[in-house]
Number of protein chains: 2
Amino acid sequence: MSESTTFSAESYFATQPAPSFLEEDVHKVREFVERHARAGRKVVLVTSGGTTVPLELNVVRFLDNFSAGTRGATSAEYFLKAGYAVIFMHRQFSLQPFSRHYSHSTHPFLDFLEMEQTGAETETKLDGVGSEPQRVGPHISVKLSERTQLVEVLAAYKAVHKAGTLHTLTFVTVNDYLWLLRAVSQELSVLGRNALYYLAAAVSDFFLPRQKLSEHKIQSGKGSLHIEMDQVPKILKPLVSEWTQGQAFIVSFKLETDPSLLVPKARTALARYGHQVVIGNDLHHRKHRVVFVAPAHASRAAQSDDAEGFVETWIRIDTNAPPSKEIEEDIIAELISRHQSWINHTSV
Amino acid sequence: MSESTTFSAESYFATQPAPSFLEEDVHKVREFVERHARAGRKVVLVTSGGTTVPLELNVVRFLDNFSAGTRGATSAEYFLKAGYAVIFMHRQFSLQPFSRHYSHSTHPFLDFLEMEQTGAETETKLDGVGSEPQRVGPHISVKLSERTQLVEVLAAYKAVHKAGTLHTLTFVTVNDYLWLLRAVSQELSVLGRNALYYLAAAVSDFFLPRQKLSEHKIQSGKGSLHIEMDQVPKILKPLVSEWTQGQAFIVSFKLETDPSLLVPKARTALARYGHQVVIGNDLHHRKHRVVFVAPAHASRAAQSDDAEGFVETWIRIDTNAPPSKEIEEDIIAELISRHQSWINHTSV
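Please read all numbers here as calculations on a predicted model, not as lab measurements.

Turning our eyes to something else, we now look at the overall build of chain A. Helix and strand counts for chain A stand at eight helices and 16 strands. Per-residue burial over chain A gives 54% buried out of 348 residues. Considering only intrachain contacts with a sequence separation of at least 6, the fraction spanning at least 24 residues in chain A is 73%. As displayed, chain A has an accessible area near 15,700 Å², and 50% of this comes from carbon and sulfur atoms.

Let us look at unusual backbone geometry. Phi at Q245 of chain A takes a positive value of approximately 50°, unusual for a residue other than glycine. Along the polypeptide, Q245 of chain A turns up in the loop between α6 (236–243) and β13 (249–256).

Another aspect to go through is the nonpolar core. The nonpolar side chains of a soluble globular protein tend to be buried, and buried together. Of all hydrophobic cores here, the largest spans 116 residues; its most connected members are I87 and L188 of chain A together with I87 and L188 of chain B. Excluding anything up to four places from it in sequence, L188 of chain B contacts V33, V43, L45, I87, A195 and Y197 of chain B. One finds Y198 and A200 of chain A together with I317 and I327 of chain B within the second-largest nonpolar core, a separate group that totals 88 residues.

Looking now at the confidence of the model for chain A. Segments scoring low in pLDDT should not have their predicted coordinates read at a detailed level. Summing up the model confidence of chain A, the mean pLDDT is 87 and the portion of residues at 70 or higher is 86%. Every residue in residues 119–133 of chain A scores below 50 in pLDDT, and together they form 25 contacts with partners more than four places removed in sequence or on other chains.

What follows covers the packing of helix α3 (residues 70–81) of chain A against helix α8 (residues 327–344) of chain A. Residues and elements named next belong to chain A. The N-to-C vectors of α3 and α8 enclose an angle of 55°; their axes lie 9 Å apart at closest approach. Taken together, α3 and α8 sit at an angle that is classed as oblique. The hand of the α3/α8 crossing is right-handed. Counted together, R71, T74, S75, Y78 and F79 of α3 and I327, E328, E329, I331, I332, L335 and I336 of α8 form the full contact between these two elements. Tallied by class, the residues present in the contact of α3 with α8 amount to seven nonpolar, two polar and three charged.

Let us look at the side chain of Q16 of chain B. Residue and element names in this part refer to chain B. Mapped onto the elements of the fold, Q16 is located in the loop between α1 (9–15) and α2 (22–38). Separated by 3.2 Å, the side chains of Q16 and T15 make a polar contact. When neighbours within four sequence positions are excluded, Q16 is seen to be in contact with F7, N175, W179, F207, P209, R210 and Q211.

This part takes up the sheet that holds strand β15 (residues 289–295) of chain B. Residue and element names in this part refer to chain B. Read from one edge to the other, the open sheet built from eight strands follows the order β9-β4-β1-β10-β13-β14-β15-β16, with strand pairing classed as mixed. Because the sheet does not close on itself, it has two edges, and the strands there are β9 (166–171) and β16 (310–316). Ignoring which end each strand starts from, the neighbouring axes of this sheet average 15° apart. Two elements, strand β13 (residues 249–256) and strand β14 (residues 277–282), share six bridges in a ladder whose sense is parallel. Pairing of S252 across the sheet is with V278, part of β14. On top of the sheet, helix α8 (residues 327–344) reaches β10 (195–199), β13, β14, β15 and β16; it is set at about 15° to β15, its chief contact.

Let us look at the pattern of salt bridges. One pass over the full model with this rule turns up 30 salt bridges over all chains. As a salt-bridge pair, K265 of chain B and E256 of chain B come within 3.4 Å of each other at their nearest N and O atoms. Between K325 of chain B and E329 of chain B there is a salt bridge; the shortest N-O distance is 3.6 Å. For K325 of chain B, a relative accessible area of 27% corresponds to the partly exposed category. One network of salt bridges, with partners in common, ties together E56 and R61 of chain A together with D205 of chain B.

Residues and elements named next belong to chain B. Along the chain, K42 turns up in the loop between α2 and β1 (43–48). Residue contacts for K42: discarding those within four places in its chain leaves Y84, A85, N194, H339, Q340 and I343. A distance of 2.7 Å separates a polar atom in the side chain of K42 from a polar atom in the side chain of Q340.

Turning to the pairing of strand β4 (residues 85–91) of chain B, a few remarks are in order. Residue and element names in this part refer to chain B. Along β4, seven of the seven residues are buried, which leaves the element largely enclosed by surrounding structure. In terms of strand pairing, β1 meets β4 through six bridges, oriented parallel. Across the sheet, the residue bridging to L45 is I87, located in β4.

Before going further, it helps to spend a moment on the packing of α2 of chain B against helix α5 (residues 174–188) of chain B. All names here are of chain B. Where α2 meets α5, the closest approach of the two axes is 10 Å, and the angle between their N-to-C directions is 30°. Regarding the angle of α2 to α5, the classification is roughly parallel. Relative to α5, the crossing made by α2 is right-handed. Contacts between α2 and α5 involve L22, D25, V26, V29, R30 and V33 on the former and, on the latter, W179, L180, A183, V184, E187 and L188.

About the cut-offs
- Residues numbered from 1 in each chain as written.
- Chains lettered and ligands numbered in written order.
- Predicted model: local features only at pLDDT ≥ 70, side-chain atom pairs only at ≥ 80, totals over all residues.
- Heavy atoms only, no water.
- Helix = DSSP H or I, 4+ residues; strand = E, 2+ residues; numbered from the N terminus.
- Buried < 20%, exposed > 50% of the residue type's maximum accessible area, 1.4 Å probe, protein only.
- Contact = heavy atoms within 4.5 Å.
- Areas by Shrake-Rupley, 256 points an atom, 1.4 Å probe, with all protein chains shown as cover.
- Core = buried A, V, L, I, M, F, W, Y, C linked by side-chain atoms within 4.5 Å.
- pLDDT = per-residue confidence, 0-100.
- Axes fitted to C-alpha atoms, helices over the stretch in contact; angles between N-to-C directions.
- Parallel < 35°, antiparallel > 145°, perpendicular 65-115°, else oblique.
- Left-handed = near helix turned anticlockwise from the far one by under 90°.
- Nonpolar A, V, L, I, M, F, W, Y, C, P; charged D, E, K, R; others polar.
- Polar contact = N/O pair within 3.5 Å; in protein donor to acceptor, adjacent residues only side chain to side chain.
- Pairing = 2+ DSSP bridges.
- Salt bridge = Lys/Arg side-chain N within 4 Å of Asp/Glu carboxyl O.

Structural data, given as structure tokens:
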């Protein structure tokens, strides 16, 4: 006795409540986009991290999609370096550009700070003319071995903050994500072809409509747990054809654990939604190789064109490359080049 | 046509595979416990963060329990301060003692580092007799406003590392958690009454047996998603009566969103498993009040004893208290006092 409903994007937004923070977030995005549009800067929306599907209104349990946010956070840095303004729309607490180098679990920053024992237990410092000397405590410094990398990261971080080219938004649930994506795309539409979408977030295919959520924590002790979820509407369709009016350059991602599904599923997505690139990655090799699948007319060169008019381009880095070499550097360079071609050829 | 099975702890461990890292982890725990047993130190196992239930063998989707790990990470600090040796068994990437003060999202450490522009772009420093001068880059220092707190956190962190009183273990899935808990409890049993269990992790009540997992990512596009999960065995029962032989002082937690369920559920748990304390917290007020429920014979004083022989003790902090006042300070003080009484009264 299944009572699952099929939601179109339209019926989704008509029946599911908007998050409370939406209006405020959109207002800030508008200011950011207007500022960079005036400066003639290209803007990329990077989505990153996994979405949740709460099982209860007062959330204790939720379904999640595996993603630390590494791809998105790393890519955002390379877009910034290339002069793009970046809207970084990410799962709360997932990795972020710059600070990702010092995740508190894998490279905890407390480990590379040292306290210097000076003669006195505390130093004092004059805080300006006429002010009292202030106790500032023992001097803290960064270990020599960490300085070089930290200086580089910190300099890039400070430069980006000064230039105001990074704007951060957070989501938790798939509902937050869908509402934000639609609203941000409407703001980006003023940029026409200067807008790029880099949709790296791991978005749930399923959700529980608000109307089916139980208010309190589901009680155990009553045997097994049954969950039945509805399909999330295919949001790429209205994104491509309505919200961006076919102007923006749109890159989506496919993650599969069975590599044989990667290219066929990428082609199906392109045929169905009509966007520019699908980047396919399989779970176990995503740091060393990805495949770009694109319709021939949106690709620069037809490396391996075929009867159906799709081009596949593999980007690989050597598994023995130094850890400082990140595949995102090559991915972003390739995309920026394709985006420029897209801008230059106004009619496709 | 439900095919759910009811697992006892015994049938669970007989049918579900042990995590690959178990043996190595247990070996390190054994060394840690032996060292502190020799020193006559009390040892607490703190569990922290949520467990996952993967829906696929190559995990893309999983069920999760809401928990940032704040309670566990904060409590571990107070146990360390009181002289306990702490085994901190936590969800990978959840908050940890000390570094929790600088979560990269809410208080990012890059924001409080400053680069000092000296005359030259880089400093050099002699790295010892006969070595070449080494480029160390511009000097990096900590903003004045952050120094006082950082010095305090850093000093405590370095002292704990020097004393070797903190041992960290990580889990991701509920299966990791269950295997680790059983193995660690066997190692802790040599401590008898000197062992304390502080089970603050948010453990799933449901799981998918390995035998029901699909190998690859569940494909969407085939309508709605149906998940049916089995109940996780009630692990507190064998923990109390078998693995710890009734010797250890065991504290479990109940989190509810409906406050009226809190005390009744805590009493049911105590009656069923026979351990020492249930700490009840409701989702929305857990930072300002919790309730200790304990059998009268395991409580120091009978503040509100009742016919069924349970004692309820509320611990509250003022909602207007300064943010530096943490409820965990009072929770741990109360527990340490109860643990000492438990040690002193060998026969209950």
